[in-house]
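Breakdown of the fold
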Amino acid sequence: MNVKRVGQLILVTLIFVVLAACGSTSEDANSDKNSGEAKDSKGTITIGQINWPENIAVTNLWKTILEDEGYEVDLKLLEMGPQMAALASGDLDVAPEIWLPVQDKSYFEKYKDEANFFENPWYDNGRVGLAVPTYMKDINSIEDLNESKDKFDGEIIGFESGAGTMLVAQDVIDEYGLDYKLSPSSTAAMITSIKNAVKDKEPIVAPLWKPHYIFSEVDLKFLEDPKKTFGEIEQIYMATRDGFDSDHEKVSNWLTNFKLNDEQLGDLMNKIKENEDNPIEGAQKWVEENQDVINKWMK
């Protein structure tokens, strides 16, 4: 065999080797890609979160449930205003806590044609109002506040300014002609202020809501609201972006079936608080102990 013929055979052999290697690499890459698609085929669901005890509890609960079902869940910390805007624009999948008929009425009216508000609440025994420590025996109604303005330095200690309850609290000031300033802060800062005031037996008034663990930690009372500006019984609803029910039909059905009573929500919030450095652990413990309840939602 001459040198030229040998060279040709070597060249052909090298070409087959290279092609075989490329084919193998391509197949492996496609295999990896398909494996990744299968793993992530259920997709990512984004849920809005607000730093309220019941909200932290419920969002971590659904993160646990959905991740157990193979979804990825991204909790986005957003105040109420930006959260509702993100839901309407499609940048957020789920807003888990809309208080109606009073607290979040303004957001419902603004976005009802741009998002899907659920017809039935997941919690139906909420209450909202101005609260003071129980040792303030002479303050029992919102109408009593102007007479005691100096005790409170004319200030109502509030939380995040965009919350529906903060908007209603300002309506209360106007409706009752209160010579008070509503001071926004954060939920954590408001709770700390309440605890410090109660510890020192000092006056404080703040907009609060039930369910909230603060009522089990310090003795507080709601002030009577003769004009019913805060409303009476409030219900908590979920809302999803337009099209979510068709993109994630199963999840939409699960969320529709979701419902908690006082005992269940209280137990969930307590487990989250016991694991406040890692709330997902608290949610996982609740899930383990309440699988029968969850199974009803997952029908």
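Residues numbered from 1 in each chain as written. Predicted model: local features only at pLDDT ≥ 70, side-chain atom pairs only at ≥ 80, totals over all residues. Heavy atoms only, no water.

**Here's the deal with helix H10 (residues 262-274)**
Here H10 contains 13 residues, and its C-alpha end-to-end distance of 18 Å stays within 8% of the 18 Å for a straight helix at 1.5 Å per residue. Inspection of H10 places Gln264, Leu265, Leu268, Met269, Lys271 and Ile272 among the buried residues, and these make up the whole buried set. Buried positions in H10, seen along its axis, are confined to an arc of 160° and lie on one side of it. Opposite the buried face of H10, at more than 90 degrees from it, the exposed residues are Glu263 and Glu274. Looking at the packing, one finds that the buried side of H10 touches helix H2 (53-68), strand E5 (123-133), helix H11 (279-289) and helix H12 (291-297). (Helix = DSSP H or I, 4+ residues; strand = E, 2+ residues; numbered from the N terminus. Expected span 1.5 Å × (residues − 1). Buried < 20%, exposed > 50% of the residue type's maximum accessible area, 1.4 Å probe, protein only. Arc of directions from axis to C-beta. Contact = heavy atoms within 4.5 Å.)

**Quick word on unusual backbone geometry**
Here Leu100 and Pro101 are connected by a cis peptide whose omega angle stands at 20°. In this structure, Pro101 sits in the loop between strand E3 (94-100) and helix H4 (105-111). The omega torsion of the bond from Lys210 to Pro211 falls at 15°, within 30 degrees of zero and hence cis. Its location among the elements puts Pro211 in the loop between strand E8 (206-210) and helix H7 (214-217).

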